[in-house]
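A structural walkthrough
Residue strings, one per chain:
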Amino acid sequence: MSSKPPPGIAGIPAMCFGIAGAAIGMSEVWYTGPLGKMAGATYGADLGFELAAAFSAVTYPLLRALEIKLIGR
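On a predicted model such as this, the values are computed, not experimentally measured, just so you know.

**Brief notes about the overall build of the chain**
Across its full length, the chain carries three helices and zero strands. Reading the helices (α) and strands (β) of the chain from amino to carboxyl end gives α-α-α. By the compact-globule yardstick of 11 Å for 73 residues, the chain is too spread out, its C-alpha radius of gyration being 16 Å. With the C-alpha coordinates aligned to their principal axes, the bounding extent of the chain is approximately 55 × 15 × 15 Å. For the chain, with 73 residues in total, the buried portion stands at 21%.

Structure (structure tokens):
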């Protein structure tokens, strides 16, 4: 077992997926994403935080498992 910390490569794409989830789910005055627009009635529903958390929570464990397999730590 290595004494070095993990490189954290899996966190960067997981963060990007989270940002994408926030963008497509947000419903603000200046921008409404496609899922935010579909979820609400007239003005849409702000689902950005929930989608960001869900996208990151799904992608990080998968990418971390891949990182462990390829790098070994």
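Moving on, there is more to tell.
**Concerning the environment of Glu28**
Of note, Glu28 is situated in the loop between α1 (11-25) and α2 (34-39). The class of Glu28 is partly exposed, set by a relative accessible area of 35%. Measuring from C-alpha to C-alpha, the distance between Glu28 and Pro61 comes to 30 Å, with 33 residues separating the pair along the chain.

**Structural notes on helix α3 (residues 48-71)**
The α-helix winds at 3.6 residues per turn, so residues separated by three or four positions along the chain end up facing the same way. Here α3 contains 24 residues, and its C-alpha end-to-end distance of 33 Å stays within 8% of the 34 Å for a straight helix at 1.5 Å per residue. When we look at burial in α3, the residues that qualify are Gly48, Leu51, Ala52, Thr59, Arg64 and Glu67. Where the residues of α3 are buried, they touch α1 and α2. Positive backbone phi, at 95°, marks Gly72, one or two positions downstream of α3.

**A short note on the side chain of Thr59**
Mapped onto the elements, Thr59 comes out in helix α3. In contact with Thr59, other than residues within four places in its own chain, are Ala14 and Phe17.

Calculation criteria
- Residues numbered from 1 in each chain as written.
- Predicted model: local features only at pLDDT ≥ 70, side-chain atom pairs only at ≥ 80, totals over all residues.
- Heavy atoms only, no water.
- Helix = DSSP H or I, 4+ residues; strand = E, 2+ residues; numbered from the N terminus.
- Rg over C-alpha atoms; globule rule 2.2 N^0.38 Å.
- Buried < 20%, exposed > 50% of the residue type's maximum accessible area, 1.4 Å probe, protein only.
- Expected span 1.5 Å × (residues − 1).
- Contact = heavy atoms within 4.5 Å.

So yeah, pure geometry; function would need other evidence.
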